[in-house]
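# Coordinate analysis (summary)
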Amino acid sequence: MSFLVAIAIYVIRILRRPMDVRLKLRHAGPLAVVSGAGAVVAAWSKLRPDGIATSYLLGEVLGVLAVYLMAWTTVLASRLSTVERCFGGLDRVYFWHRLCGIWSLLLFIPHTLVTSGSDQAAPSEELTFSGEAGRVLGLFAALGLIALILVSLARVSRLLRVGYRLWLVTHRFIGLLLIAALVHGWLLDEVLAGSAVLRVLYLIISAVGVTAYGYDELLLRRRASKAGYVIKEVLRPGPHITDVLLTPTGAGSPLRGGQFVYLSVGGEHRWREHPFSVAGTSPDGSVRLTIRARGRDTRRMHENLRPGLPAVVNGPYGMFDHTLGGARQIWIAGGIGVAPFLGWLTTERVDEPSRVDLFYCVGTEAEAVFLADLVAAAERLPNLEVHPVFSQEHGRLTVDRIQAAAGPVTADTHVFLCGPAAMVAGLGADLRQVGVPRDHVHAEHFEFR
């Protein structure tokens, strides 16, 4: 009961906050994940069959929670626009996707230890064929989940030389792991066997997860908003930076600056998707993308992209939008994180805020390859001031330096950050310490694995 009260108080606080409805809506997704987990615990505790020991019940609740979170991973992998809006952008969707995957594994481990050591678990020599199959499927799901989580960790993937393409392909098997875990629970869970209501709830969780996986595999790639393009121009303004201009071969996609798309080069049937920010659009439907060579595929793009190659654009995605902010805004770009700001400045007037201070953070002046674009935009827009920051010369950007250059950062200031994860996290925390509300700090995260 106390859990439900806490959820209700949280919802009321969100609804009463004076902020854009889009910012309120992005709390709905995380709230659904957390409240659903609470409902699972409450249902399994309330509808506990007679004769079930508390320790065994605890183990099975942990197992059901693991399956519940695995079902969420398939929902969050679907790229549905409704799901994206309810979590506040595809970057946050993938954050919760990864979080649900990690927690499902962490819950599987104590579930296995508790249930296998319980007196109510059947000894190995007494297991039927279905019981043996259930244990094998549970082991398969756990080991597969461990493997997927490991290759999602940046250090492990670099050590094993797991490229983005291989990572993407392996993660398409998560639905099979979910099905294995679902069947494992159905065959072995004595709590489910003793309650018809719990079996129905378990089937609902199963149906949602499997349906989302089926949609992802069978329909998403056919129904996703895709458009054909051809590469018109390729510039390499820096050693690891590629600036690409694409023109549509048909109607094109309804893109705007600040969004991002999945780009597949070489035709629709080559599985080589990568997310890139839209750094500008033109009235004729052309789109500008900026690419930093980080992994093997993006390095290959930097070396081999040339005019005339066919490309497919899937999207748009993303909810990084300066119209969420108020009259006073600060934009902070780290390296290639300048792309969404370029998209706003080169395709829109951006005259809604009365003042915008843009901090462009790079290591050296030579790395500031887009500074000329920003300066040109500042000459066109009287409300924009650009502050280049060269960390090797000036040191890293801090809140004190922001206030020295742009004036006091007050509670009504909206700050937009895009860049390396450490920079975004550090400055975000420091801004909140000086009184900027959490909902006024907007960040685009590009750590998609």
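What counts, and where the lines are drawn
For every chain, the first residue of the written sequence is number 1, and numbering continues from 1 along that sequence. Local features in a predicted model are, by the rule used here, given only for residues with pLDDT of at least 70; side-chain atom pairs are given and counted only at 80 or more, and totals for whole chains, interfaces and linings are based on all residues. Remark: hydrogens and water are excluded; side-chain values derive from all non-hydrogen atoms of the structure. DSSP-based pairing: two strands are paired if at least 2 bridges between them are found. Starting at the N terminus, helices and strands are each numbered in turn, a helix being any DSSP run of H or I of at least four residues and a strand any DSSP run of E of at least two. To get an axis, a line is fitted to the C-alpha atoms, and for a helix only the part in contact is used. The angle between two axes follows their N-to-C directions and goes from 0 to 180 degrees. UniProt positions are given in the numbering used here, feature names are shortened, and annotations may be inferred rather than shown by experiment. With a 1.4 Å probe rolled over the protein chains alone, any residue whose accessible area is under 20% of its type maximum counts as buried; one over 50% counts as exposed, and the rest are partly exposed. Each patch is built from residues lacking any salt bridge and having more than 30% relative accessible area; the joining distance is 9 Å for like charges and 5 Å for nonpolar side chains (Val, Leu, Ile, Met, Phe, Trp, Tyr). Each accessible area value is a Shrake-Rupley result obtained with a 1.4 Å probe; residue values ignore everything except the protein chains displayed when judging cover. By convention in these notes, a salt bridge is any Lys or Arg side-chain nitrogen within 4 Å of a carboxyl oxygen on Asp or Glu. Two N or O atoms form a polar contact when they lie within 3.5 Å of each other; inside protein one atom must be a possible hydrogen donor and the other a possible acceptor, and for residues adjacent in sequence the pair counts only when both atoms belong to side chains. Two residues qualify as a contact provided that any one of their heavy atoms is within 4.5 Å of a heavy atom in the partner residue. Put simply, two rings from Phe, Tyr or Trp (the six-membered ring, in Trp's case) pair if the centres are within 6.5 Å, and we call them stacked under 30 degrees between planes, edge-to-face over 60, tilted for the rest. In this analysis the charged atom, NZ for Lys or CZ for Arg, is taken to sit over a ring once it is within 6 Å of the ring centre and within 35 degrees of the ring normal. Roughly parallel refers to an angle under 35 degrees, roughly antiparallel to one over 145, roughly perpendicular to one between 65 and 115, and oblique to any angle outside these ranges. In this scheme the crossing of two helices becomes right-handed for a clockwise turn of the near helix relative to the far one and left-handed for an anticlockwise turn of less than a right angle. The nonpolar core is taken to be a set of buried Ala, Val, Leu, Ile, Met, Phe, Trp, Tyr and Cys residues, with the residues joined through side-chain atoms within 4.5 Å.

### What about the sheet that holds strand β5 (residues 287-292)?
Overall, antiparallel pairing links the six strands, which are arranged β1-β2-β5-β4-β3-β6 in a closed barrel. Sheet twist, expressed as the mean angle between neighbouring strand axes with direction ignored, is 45°. Alignment of strand β3 (residues 260-265) against strand β4 (residues 273-281), held across five bridges, turns out to be antiparallel. Each bridged residue has a counterpart across the sheet, and for V261 the counterpart in β4 is F276.

### A few points about the UniProt feature "transmembrane region" (unreviewed entry) in the protein chain
Listed under "transmembrane region" (unreviewed entry) in the UniProt record, and renumbered for this structure, are residues 25-44, 56-81, 93-113, 133-154, 166-187 and 193-215. Split by type, residues 25-44 is 90% helix and 0% strand. Its first and last C-alpha atoms lie 29 Å apart.

### Some details on the pairing of β4
Taken across its nine residues, β4 has eight buried, putting it largely inside the fold. The pairing of β4 with β5 spans three bridges and is antiparallel. Considered in β5, the bridge of G280 is made with R288. Connecting the antiparallel pair β4 and β5 is a turn made up of five residues, with G285 showing a positive phi of about 95°.

### A short note on a nonpolar patch on the surface
On the surface, a cluster of nonpolar side chains totalling about 650 Å² of accessible area is made up of F173, L176, I179, V183, W186, L187, L203 and V210. Every element with two or more residues in the nonpolar patch is listed here: α10 (174-188) and α12 (196-223). If one sorts the elements of the nonpolar patch by residue count, α10 sits on top with five residues. The topology assignment puts V210 in helix α12. In this structure V210 comes out as partly exposed when scored by relative accessible area, which is 33%.

### What about the side chain of D439?
Note that D439 resides in the loop between α18 (421-433) and β11 (441-444). Of the polar contacts made by the side chain of D439, one reaches the side chain of R17; its length is 2.7 Å. With sequence-adjacent residues up to four places away left out, D439 is seen in contact with R17, M19, L23, R26, H27 and H414.

### Digging into the sheet that holds strand β8 (residues 355-362)
The five strands are arranged β9-β8-β7-β10-β11 in an open sheet whose pairing can be described as parallel. On the outer flanks of this sheet lie β9 (384-390) and β11, each paired with one strand and no other. Sheet twist, expressed as the mean angle between neighbouring strand axes with direction ignored, is 15°. Here five bridges tie strand β7 (residues 328-334) to strand β10 (residues 414-418), and the two strands are oriented parallel to one another. Looking at β10, one finds that A333 is bridged to C418. Across the face of the sheet, helix α17 (residues 399-406) comes into contact with β7, β8 and β9 while running at roughly 135° to β8. Sheet contacts for α18: β7, β10 and β11; angle to β10, the most-contacted strand, approximately 165°.

### Focus: the packing of aromatic side chains
Using the criterion set out here, one finds 14 aromatic pairs in the structure. Of note, R79 hangs over the ring of Y262, and the distance from its end group to the ring centre comes to 3.8 Å.

### A short note on the pairing of β5
Taken across its six residues, β5 has five buried, putting it largely inside the fold. Examined bridge by bridge, strand β2 (residues 241-248) and β5 share six bridges and lie antiparallel to one another. Counted as the bridge partner of I241 is R292 from β5.

### Some thoughts on the packing of helix α4 (residues 54-76) against α10
Across the interface, α4 lies against α10 with an axial gap of 10 Å and an inter-helix angle of 155°. The orientation of α4 with respect to α10, classified from their angle, is roughly antiparallel. Where α4 crosses over α10, the two elements pack in a sense that is left-handed. Each of Y56, E60, V67, M70, A71, T73 and T74 in α4 lies in contact with α10, whose residues at this interface are I174, G175, L177, L178, A181, L182 and L188.

### Structural notes on the nonpolar core
In terms of nonpolar packing, the biggest core is built from 50 residues, with W44, W72, L76 and F87 touching the most fellow members. Per-element accounting of this core gives the leading share, 15 residues, to α4. When neighbours within four sequence positions are excluded, F87 is seen to be in contact with R26, G29, P30, V33, W72, L76, R92, V93 and W96. One finds A279, L345, F370 and A377 within the second-largest nonpolar core, a separate group that totals 27 residues.

### Quick notes on the pattern of salt bridges
On inspection of all chains with the given rule, the structure shows nine salt bridges. Salt-bridge contacts for D439 lead to R17; the nearest nitrogen and oxygen are separated by 2.7 Å. You can see D439 sitting in the loop between α18 and β11 and its partner R17 sitting in the loop between α1 (2-16) and α2 (21-25), a full 422 residues away along the chain. Overall, the relative accessible area of 10% leaves D439 in the buried class. Classification of R17 as partly exposed rests on a relative accessible area of 28%. One connected set of salt bridges, linked through shared partners, spans D20, R22, R256 and D321.

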